[in-house]
Amino acid sequence: MQKIKIAMTKGRLLGHTIKLLEKAGIDCGPLKEDNRKLVFLLPDYNIEVILLKAADVPTYVEHGVVDIGIAGKDVLLEQEKQLYEVADLKFGKCRFAVAGKPSIKDGKKHLVVATKYPNVAKRYFTEKGQSVEIIRQEGSVELAPIMGLSDVIVDIVETGKTLKENGLIVLEKIADLSARLILNEVSYKTKKKEMAVIIDLIEKAVNI
Ligand code: PRP
């Protein structure tokens, strides 16, 4: 049986990913060890797992360094890589939104937008015909309107707690997000049999 390589996202999504794989009948014991390893072998179905930062998962999948990835729809929309998105895994649910201070005036001709997702923001405002300047941020995006760096932000909202605690509100919803199962296009031809078994187990487990 050929080895199947799967890239997973470290952090928030990992616990949900492990739960889903275990529901699918794939033992994830090695992944639950408390250590700093980044590569793990799951003996069931000859799977090798690598752990990456969210934004790097699509890159590894697109290059065919791994066969399968589990990534947030946020990074998929931002990066628009060449890969197959085959299933909504229904966890990591959140949304892309435009947020700002409640006092922001409607109908500004030009908006300054701070975001970790410049492509998503640019596409959204271009489609609306809104003129914008995008300022790319690495995190703590909520600070930008508070400090006067931007008029609004485009960011992920999950519980809404971060916005609320920083005196910001959702102004417009852009899109619903969740974790997705993604595949390398070439692997899916050359290792179709082995991959289909794993994909099928995962897809069935989503609805359990
Ligand atoms: C994300 C996002 C928001 C927050 C939203 O940030 O950028 O700040 O989570 O979650 P909430 O609606 O449940 O409060 P993350 O925790 O990834 O940290 P960052 O600000 O460093 O990017």
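Residues numbered from 1 in each chain as written. Predicted model: local features only at pLDDT ≥ 70, side-chain atom pairs only at ≥ 80, totals over all residues. Heavy atoms only, no water.

A. The arrangement of the site of the ligand in detail. Around the ligand lies a shell of 13 residues, among which Arg12, Lys116, Glu142, Thr159 and Thr162 are the nearest. Take Arg12: an N or O atom from its side chain is 2.5 Å from an oxygen atom of the ligand. Gly160 is positioned with one of its backbone polar atoms (N or O) 2.7 Å from an oxygen atom of the ligand. The fraction of the free accessible surface of the ligand (500 Å²) that becomes covered by protein chains is 72%. The pocket occupied by the ligand, as judged from atoms lying within 2 Å of grid points, is the largest pocket. Looking at the shell around the ligand, the elements with two or more residues in it are strand S9 (152-157) and helix H6 (161-165). Among the elements that take part in the shell around the ligand, S9 stands out by supplying three residues, more than any other. (Near = heavy atom within 4 Å. Polar contact = N/O pair within 3.5 Å; in protein donor to acceptor, adjacent residues only side chain to side chain. Areas by Shrake-Rupley, 256 points an atom, 1.4 Å probe, with all protein chains shown as cover. 1 Å grid on protein atoms, 1.4 Å probe; cavity = no way out; pocket = protein on both sides within 12 Å on 5 of 7 lines; lining within 4 Å. Sits in = over half its atoms within 2 Å of the grid points. Helix = DSSP H or I, 4+ residues; strand = E, 2+ residues; numbered from the N terminus.)

B. Just the side chain of Thr115, in detail. With respect to the helices, strands and loops of the structure, Thr115 is situated in strand S7 (residues 110-115). Sequence-distant contacts of Thr115, defined by excluding residues within four places in its chain, comprise Ala121, Ile134, Ile135, Arg136, Gln137, Val141 and Val154. (Contact = heavy atoms within 4.5 Å.)

C. Here's a closer look at the packing of helix H1 (residues 12-23) against helix H8 (residues 192-206). Between H1 and H8, the shortest axis-to-axis distance is 8 Å and the interhelical angle comes to 105°. The angle between H1 and H8 falls in the class roughly perpendicular. Counted together, Leu20, Leu21 and Lys23 of H1 and Ile202, Ala205 and Val206 of H8 form the full contact between these two elements. For the contact of H1 with H8, a count of residues per class yields five nonpolar, no polar and one charged. (Axes fitted to C-alpha atoms, helices over the stretch in contact; angles between N-to-C directions. Parallel < 35°, antiparallel > 145°, perpendicular 65-115°, else oblique. Nonpolar A, V, L, I, M, F, W, Y, C, P; charged D, E, K, R; others polar.)

D. Inspection of the layout of surface pockets at higher detail. Space inside the largest pocket adds up to approximately 1,100 Å³. Surrounding the largest pocket, 39 residues form its lining, Arg12, Asp74, Lys116, Tyr117 and Ile156 being those nearest its centre. Among the elements that line the lining of the largest pocket, the one with the most residues is helix H3 (residues 73-79), at five residues. The residues that make up the lining of the largest pocket include at least three from each of domain 1 (4-92 + 178-206) and domain 2 (94-176). (Points joined across faces, edges and corners; volume = space filled by probe spheres on them. Domains from an automatic or database assignment.)

E. Here's a closer look at the pattern of salt bridges. Per the stated rule, a full pass over the model turns up 14 salt bridges. The partner of Arg12 in a salt bridge is Glu158, with the nearest N and O atoms 2.5 Å apart. Of this pair, Arg12 sits in helix H1 while Glu158 is found in the loop between S9 and H6, placing the two residues 146 residues apart along the sequence. The structure contains a network of salt bridges with shared partners spanning Lys73, Glu85, Asp88 and Arg180. (Salt bridge = Lys/Arg side-chain N within 4 Å of Asp/Glu carboxyl O.)

F. Focus on the packing of aromatic side chains. Scanning the model with the defined rule gives three aromatic pairs in all. Taking the centre distance of 4.8 Å and the plane angle of 75° together, the rings of Phe96 and Tyr117 count as edge-to-face. Residue Phe96 is found in strand S6 (residues 94-100), and its partner Tyr117 is found in the loop between S7 and helix H4 (118-128); the two are separated by 21 residues along the sequence. Grouping residues by exposure puts Phe96 and Tyr117 together as buried. Each ring, one from Tyr124 and one from Phe125, has its centre 5.2 Å from the other, and the planes form 70°; the classification is edge-to-face. (Phe/Tyr/Trp six-rings, centres within 6.5 Å; stacked < 30°, edge-to-face > 60°. Buried < 20%, exposed > 50% of the residue type's maximum accessible area, 1.4 Å probe, protein only.)

G. Representation of the sheet that holds strand S11 (residues 179-183). One open sheet accounts for six strands, arranged S2-S3-S1-S4-S11-S5; its pairing is mixed. Where the open sheet ends on each side, the last strands, each with one partner, are strand S2 (39-42) and strand S5 (84-88). Within this sheet the neighbouring strands show an average axis-to-axis angle of 25°, counted without direction. For S2 and strand S3 (residues 47-52), the ladder comprises four bridges, and the chain directions are antiparallel. In the strand pairing of S3, Phe40 is matched with Val49. In this fold H1 packs onto strand S1 (4-9), S3, strand S4 (68-72) and S11, with an angle of close to 140° to the strand it touches most, S1. (Pairing = 2+ DSSP bridges.)

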